[in-house]
Each structure stands twice: as C-alpha cells, then as structure tokens.
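# Fold and geometry: a report
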Amino acid sequence: MTTLKLLILTLALLRSPLFLVIGALALLSFYSAEIDISVVIIEMARLADSPLLVSLPLFIFVGILLSESKAPGRMLQFTRIFLGWLPGGLAVISLVVCAIFTAFTGASGITIFALGGLLLPALLEEGYQERFSMGLITSSGSLGLLFPPSLPLILFGVIAEARIDHLFLAGILPGTLMLLLLIGYAVIKSPVRLAKPAYSAKEILHGLRVIAWELPLPVILLGGIYGGLFVPGEAAAVTAFYVLAVELIVHRDIPLARLPAVMSKSMVLFGGILVIIATSMASTNYLIDQQVPVRLFEFIRGFIDNKYTFLLLLNIFLLIVGMMLDIFSALVLIVPIILPIAEGYGVEPIHLGIIFLTNLQIGYCTPPVGLNLFLASYRFERPIAELCYATLPFLGLLFLTLLVITYLPWLSMVLPRLLG
Amino acid sequence: MTEAAALYQTSKVLVILDGIEEKLLCLLLVAMILLACLQIFLRTVYSSGLLWIDPVLRYLVLWSGLLGAVTATAQGKHIALDIFGDRIPARLEPWIALLTQLFSSLAAAGLAWAGWLFLAGEIEGGGDGPLALPLWFWNGIFPVAFSLIAGKSALLLLMQGKALVGRNETPGNKPQ
C-alpha cells in the first residue's frame, strides 16, 4: 500500500491532475483503513452546505469577462488622467491599476497579459529603466491579492470556514502597506520629468465617461456587503450581472456569439479548482480522523514553544510551498493541516489567512515555478533568469511587508474588529 | 497546448461532448446569476424570498464545477504540478504522458466507483433535497461526472497509445 502511495506521489510530480492524485490517495487510505470508500464522495457532497462556494464561479466569471473586454485599457486611460500628476507618475499608475485589476481577476496571471502589454512600452517610452519596468510588471502581476474580492481570499475563507467579509477587511491595510512601499520605491526610481502631463477639460471628461460604468464596481461590491444589502455570495452574483450588462450592452466589447466561450472557459477554470477542493475534503477528513494535525502540533511543540518562532518557521515553510505549488493547490492542501496548528499557537485564522496569501504572493515571483516569471517571460520573450534578477528589489519590499504583516497582527485585525 | 489536448480534437465523440458540455455550463452559470439576483430583488423589494433558491444555488455550483471539470479533462486544463518542466528528456515524454493518463483513468474510475456506491446509499436511505426532489438526484452529479472523466481519460489513453505505436512503427516520420 505504501509503495502504491509513493508511486502515486511520483506521478503527481509528472503532471498528473492534482485532484486525481489527492482522490486516489484518499480512496486508498480509506480502503486500507477498512472504511467504505463511498465516504470519499460523502465528504465531497458536504460542499453543498457551503453558502460561500457560489462566489467562486461568479467571481472567476467576472475576472475573465473583464480581462477579455477592453476594461484594462479604459482603467489605464482613466488613471493616467487623474493620477498622472503624482511624482512617479506612470510607475505609480501601473502599480495601482495592476492591484485593482488583480483583485478582480483573481491573481491567475491575467494581469500580466492584459496590462503588461500596455504598460511596458509606455513605461519605457517615459524613460524608465528596462530592468525596473520589467520587475515592476512581473511582480505586480500578483499585487492586489489581498484586496477584495480576490479569489484566493475567498478560497481561504471557504477552506478555513472563516468569515469572508472579515477576510476582505483584513486584507485592506496589509495590501495598502505593500502597495505604498512599492509606490515609494517607484517614486525613487522614476526618471526626472521635463513637464507634467496636462490634460484638457475635454480629455478629462472623456476619460471619466469611458470608465463611468466600471468605476462603481468596488463601491457596489463593498458597499453592498458592508452596507448589509447582500452576503458575499450574492455580491458575486450582482457583480457578475452588472459586469455582464456593462461589457455586453453598454460597451459591446464582447460580441454575444463569443459569450458562451467566455462562460465555459470560466466554468472550466472553476471546475479545475472545485474538484481539488472536493477531493481534498476527503483527504483532509482522513488526516483529521488519524489525528495528523494534532500529532504534528504535539511534535512541533516539542521544539518550539513560542508563537513568534512558530510564525518565522511558518513563513519559511510557506515560502517554500509558494515556490513549488500554485496558489489554489497550496491553499487547499496546506490550510487544513496548518490551521489547527496555528490556532494551537494562538494565531487567529484571519491573520493566518493574510500571512498565508502574502507568502504565496511572493511565491509567484520566485523560481522554480513562479507563475509571474513564466508569464512575463512568455509575454515579453525574455529569459526567466533576467526577470528573476529584475524582480529582486520588488521581492525585497514584499519580504519587508511580510515581516510587518506577520509580527504586527494589528494591521490585519484592526479593520475586522472595528467594522466586522 | 499539451499533446493530449491537441489529440482530443481529432476525436469526434470528444468534440461533440465538448459542445454539449459548453451549452450546459452556460445554462448553469446564467441560472446561478439570475437566481441569486432574483433572491436579492425579492428580499429588497418585497422583504421576502424563495426558500428553495439558496439550496438550489448551492447544488448548481456543484453541478457547474463538476461539469467544468469534465470539460477540463479532455482539454488538459486540470491543475497539475509541473516541477520538472522541460527537463524531462523528449524521448521519455510520450511514455510518461501515457503513464499519467493510465493513472488518471484508473483514479477517475475509482472515484466513479465510490460515487455509484454513494449514490446507491443515497437512493436507499437519503431524504429529500430542494424542490422536493430526492437528494440522490442532486448528488447524482458526482458519479456521473467522475464516470465521464474516467471515460474521457480512457479514450485519451487509447488515442495516445495508438499514436505512440504508430510513431514507433514509422521511425522516419517524426511527429510535430
């Protein structure tokens, strides 16, 4: 049995679908424990009790719809007009736009494709160094991960059974800190400008008019949830309905004939994530049944008695995880095991979620499997090593934020406590 | 695109299935959006709502996800670890692909088997789900989806095997 399990784990490294690897391991484990294997499906069917799950497919659809439309270009135009006067102009704009766009498209790398192609030539034209520009775009492909309604935040909520509205609030200050640090760096690195860009009243009005329909999105979303109008799952439906109407009827960016393809693309992406969640429900149940997290906690406590040492080791562990796994698999596989251990050390689940996602965000930019590096390398036709080097200063700042987030729980917890 | 994903387009059965699945997925997604919005509308305007909407929505999420996973199977779009990347020797690659496909078919068949066992239990002892429909109807998607995944994987395995044998018989013709 152990040999069989090892063989399956080897197959996992050779591009076998992860959900089948987890599923097969769960089936074998229950079978060898002489438990009826239908338990695996019973565990999966428990997903029908989760009211949060509905927000996943709907936000995935919103993200794909937005990225297939011309919304990224409109956002860029709008921010250029209204934030162009800031020191660090375009670099700051790039960071802000990427962060907002990533929050809505779920950090699946869409940002680098949708915005990178527009931003890189513009940055170079304004005299930014090439290395700086590449690093900026590569690392900002996952910036905004901590802002609502990012998919990884929702997924963490689903798995940890934590309140999504609290998670949404918890991410705002840490995400802003990260953004501000990067903006500070961008201001230092930006070239001297001869003249500040000036826009005529007509241009400003036009800029406002084109974005007028997409601008209220964050307000609808957050206002709806925190104004008590609807729960997060419903917020996803309202957002989906609104974006669908705007892109299809108002802007007509996506022809009706293309809609089924966009819809099924979203559902295929969701399906890939759902089956991993489903199978891991079963495997997690087995692990908990065998008291693995408890025993792991006992074991670790033999070496570490201090919450802060634990957090440091947790960060190192998660950074390695972030290097090896994509964010969805990492969340689904690691959270159920880490959560009880972290709670044993007195780390709050919401704080853990923010630490988790910050680590995984850094993992996006680190070899060997950093998604951002690959996408940027593909998009800009540059070797990975060069992009790695270019992202180093940005990674440094992300690490700094990680330290602050880890050792200053207040930053994550203050908003949920005040407003939640 | 992976080799398997390119291969699937040569199979008529898989392409037709894909078309049906796409329509179903669109239908499910539209239903989810409309039902959730209707619920908010009823609650805000009439301060009431339909009790059945929330549970039905939760099952629609499962249906759309599992059906999405069925579609992802033939398109090679399942999330997988890719630690070795291009470091696998080109000569070994088709054999490894065949091996993982064999594993996928078996694992999916195992899940399908567990699914049918589960369904038998549900038919025997399960209660009613939303809309007074029996629970086994709503949960029936599990065995159905996993069986479809297993079937598709087996079909791809056959096609890959055939392509590999064909390639070895005519060593002069290196495939693209």
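Here goes a summary of the coordinates provided. (Residues numbered from 1 in each chain as written. Chains lettered and ligands numbered in written order. Predicted model: local features only at pLDDT ≥ 70, side-chain atom pairs only at ≥ 80, totals over all residues. Heavy atoms only, no water.)

### A short note on the overall build of chain B
When its secondary structure is counted, chain B shows six helices and one strand. Going residue by residue from the N terminus, the α and β elements of chain B occur as α-α-α-β-α-α-α. A separation threshold of at least 6 residues defines the contact pool for chain B, and within that pool the share at least 24 residues apart is 74%. Just so you have it, chain B exposes about 9,300 Å², and 68% of that area is on carbon and sulfur atoms. (Helix = DSSP H or I, 4+ residues; strand = E, 2+ residues; numbered from the N terminus. Contact = heavy atoms within 4.5 Å. Areas by Shrake-Rupley, 256 points an atom, 1.4 Å probe, with all protein chains shown as cover.)

### A closer look at the overall build of chain A
If you tally the helices and strands in chain A, you get 22 helices and one strand. Taken over C-alpha atoms, the radius of gyration comes to 22 Å for chain A, in line with the 22 Å a tight globule of 420 residues would show. Projected onto the principal axes, the alpha-carbon positions of chain A cover approximately 75 × 45 × 45 Å. Across the 420 residues that make up chain A, the buried fraction comes to 60%. (Rg over C-alpha atoms; globule rule 2.2 N^0.38 Å. Buried < 20%, exposed > 50% of the residue type's maximum accessible area, 1.4 Å probe, protein only.)

### Describing a nonpolar patch on the surface
Residues and elements named next belong to chain B. On the surface, Leu38, Phe41, Val45, Tyr46, Leu50, Trp52, Ile123, Leu131, Leu133, Trp136 and Phe137 cluster together into a nonpolar patch covering about 1,000 Å² of accessible area. Elements supplying a minimum of two residues to the nonpolar patch: helix H2 (12–46) and helix H5 (135–139). No other element matches H2, which puts four residues into the nonpolar patch. As for its position among the elements, Val45 is in helix H2. Overall, Val45 belongs to the partly exposed group, its relative accessible area being 46%. (Patch = residues over 30% accessible without salt bridge, like charges linked within 9 Å, V, L, I, M, F, W, Y side chains within 5 Å. Salt bridge = Lys/Arg side-chain N within 4 Å of Asp/Glu carboxyl O.)

### Remarks on helix H22 (residues 409–419) of chain A
Those residues of H22 of chain A that fall on the buried side of the exposure criterion are Leu411, Ser412, Met413, Val414, Leu415 and Pro416 of chain A. Looking at the buried side of H22 of chain A, the elements it contacts are helix H11 (164–189), helix H19 (349–363) and helix H21 (384–407) of chain A.

### A word on the nonpolar core
Leu331 of chain A together with Phe142 and Phe146 of chain B are the most contacted members of the largest nonpolar core, which has 202 residues in total. A per-element tally of this core places helix H15 (residues 259–289) of chain A first, with 15 residues. Apart from residues lying up to four places away in sequence, Phe142 of chain B is in contact with Ile41, Met44 and Ala45 of chain A together with Leu62, Leu66 and Phe118 of chain B. Grouped together as the second largest cluster of nonpolar side chains are six residues, Tyr8, Ala74, Leu156 and Met159 of chain B included. (Core = buried A, V, L, I, M, F, W, Y, C linked by side-chain atoms within 4.5 Å.)

### Focus on H2 of chain B
Helix length check: H2 of chain B (35 residues) gives 50 Å between terminal C-alpha atoms against 51 Å at 1.5 Å per residue, within 8%. Just downstream of H2 of chain B, Ser47 of chain B is the residue with a positive phi angle, here 40°. (Expected span 1.5 Å × (residues − 1).)

### Structural notes on the interface of chain B and chain A
The interface of chain B with chain A comprises 55 residues on the first partner and 60 residues on the second. When the two sides are added together, the surface that chain B and chain A hide from each other amounts to roughly 4,900 Å², 81% of it contributed by carbon and sulfur. Counting the surface chain B buries against chain A, the share from its top three residues, Ile79, Leu81 and Phe103 of chain B, is 16%. For the pair chain B and chain A, the number of links is two salt bridges. Between Glu93 of chain B and Arg15 of chain A there is a salt bridge, with the nearest N and O atoms lying 3.3 Å from each other. The interface formed by chain B and chain A holds five residue pairs in polar contact (both at pLDDT 80 or more) in total. Counting only elements with at least two residues in the side of chain B that touches chain A, the list comes to H2, helix H3 (53–75), strand E1 (80–82), helix H4 (93–125) and helix H6 (141–169) of chain B. Tallying contributions element by element places H4 of chain B first for the side of chain B that touches chain A, with 15 residues. (Buried area = accessible area lost by both parts, 1.4 Å probe. Polar contact = N/O pair within 3.5 Å; in protein donor to acceptor, adjacent residues only side chain to side chain.)

### Re the pattern of salt bridges
Scanning the entire structure with this criterion turns up 16 salt bridges over all chains. The residue Glu68 of chain A makes a salt bridge to Arg258 of chain A at a minimum N-O spacing of 2.2 Å. Of this pair, Glu68 of chain A sits in helix H4 (residues 55–68) while Arg258 of chain A sits in the loop between helix H14 (232–250) and H15, and the two are 190 residues apart along the sequence. Using a relative accessible area of 27% as the deciding quantity, one classes Glu68 of chain A as partly exposed. With a relative accessible area of 37%, Arg258 of chain A lands in the partly exposed category. The partner of Glu21 of chain B in a salt bridge is Lys152 of chain B, and the shortest N-O contact between them spans 2.9 Å. Here the residue Glu21 of chain B occupies a position in helix H2, and Lys152 of chain B occupies one in helix H6, the gap between them amounting to 131 residues. With a relative accessible area of 4%, Glu21 of chain B lands in the buried category.

### Quick look at the packing of aromatic side chains
On inspection of all chains with the given rule, the structure shows 16 aromatic pairs over all chains. Plain terms: the ring middles of Tyr128 of chain A and Phe132 of chain A are 5.8 Å apart, the flat faces sit at 15° to each other, and that makes the pair stacked. Accessibility expressed as a relative area gives 6% for Tyr128 of chain A, which makes it buried. On the basis of relative accessibility, which here comes to 4%, the residue Phe132 of chain A falls in the buried class. Ring plane angle 90° and centroid distance 6.4 Å describe the contact between Phe118 of chain B and Phe142 of chain B, whose orientation is recorded as edge-to-face. Here the residue Phe118 of chain B occupies a position in helix H4, and Phe142 of chain B occupies one in helix H6, the gap between them amounting to 24 residues. (Phe/Tyr/Trp six-rings, centres within 6.5 Å; stacked < 30°, edge-to-face > 60°.)

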